[in-house]
Amino acid sequence: MPTPDRYQILYEHEPTHVRAEDTGLGISRSDRLIIIEVISRARSAEDKQAFYRFVTTGLSDACAIDPADVVVSIVENGDADWSFGLGRAQFITGELR
């Protein structure tokens with residue numbers, strides 16, 4: 001994604017307010033769990049896999065976060081689902097590509 005293309009909302013929850021149990025994959029998590037939700041236009045499966053590796057590697061290298069403590073969910077939507085202001089859908093109007 002382009003460098004200036006960032007809209008971030010961060011929420012920090014008390015550990016007792018988050019429940020992220022193993023889904024049968026045998027992944028052990030610590031109390032440093034990070035859950036990332038990304039809202040995005042459609043991307044290929046390969047792009048998503050690369051993104052997951054990029055995020056977990058970056059968090060591991062920069063913050064010593066175990067990749068087992070990183071959960072990522074990508075929610076897709078289409079061009080008509082985005083308005084960056086002024087009451088226009090900029091992907092549809094051609095203002096953004």
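What counts, and at which threshold
- Residues numbered from 1 in each chain as written.
- Predicted model: local features only at pLDDT ≥ 70, side-chain atom pairs only at ≥ 80, totals over all residues.
- Heavy atoms only, no water.
- Helix = DSSP H or I, 4+ residues; strand = E, 2+ residues; numbered from the N terminus.
- Buried < 20%, exposed > 50% of the residue type's maximum accessible area, 1.4 Å probe, protein only.
- Areas by Shrake-Rupley, 256 points an atom, 1.4 Å probe, with all protein chains shown as cover.
- Lys, Arg positive; Asp, Glu negative; His and termini not counted.
- Charge placed at Lys NZ, Arg CZ, Asp CG, Glu CD.
- Contact = heavy atoms within 4.5 Å.
- pLDDT = per-residue confidence, 0-100.

Enquirer: Would you mind showing me how to read the overall build of the protein chain here?
Expert: For the protein chain, the helix and strand inventory stands at two helices and two strands. Secondary structure elements of the protein chain, listed N to C terminal, follow the sequence β-α-β-α. With the C-alpha coordinates of the protein chain rotated into their principal frame, the extents come out at 45 × 30 × 30 Å. Among the 97 residues that make up the protein chain, the fraction classed as buried is 12%. Counting every atom, the protein chain has about 7900 Å² of accessible surface; 53% of that belongs to carbon and sulfur. Taken as two groups, the 10 positive and 16 negative side-chain charges of the protein chain have centres that lie 6 Å from each other.

Enquirer: Looking at this structure, I do not really get the environment of Thr3. What am I missing?
Expert: Secondary-structure assignment places Thr3 in the segment before strand 1 (34-40). In this structure Thr3 comes out as exposed when scored by relative accessible area, which is 59%.

Enquirer: Would you mind showing me how to read the environment of Ser73 here?
Expert: Among the secondary structure elements, Ser73 is positioned in strand 2 (residues 70-76). Separated by 34 residues in sequence, Ser73 and Ile39 have C-alpha atoms that sit 8.6 Å apart. Not counting residues up to four positions away in its chain, the partners in contact with Ser73 are Ile36, Glu37 and Val38.

Enquirer: Is there a simple way to think about the confidence of the model for the protein chain in this case?
Expert: Reading predicted coordinates in detail is not appropriate for stretches of low pLDDT. Per-residue pLDDT for the protein chain has a mean of 91; in total, 98% of the residues score no lower than 70. When the elements of the protein chain are averaged for pLDDT, strand 1 gives the smallest value, 93, and helix 1 (residues 45-63) the largest, 97.

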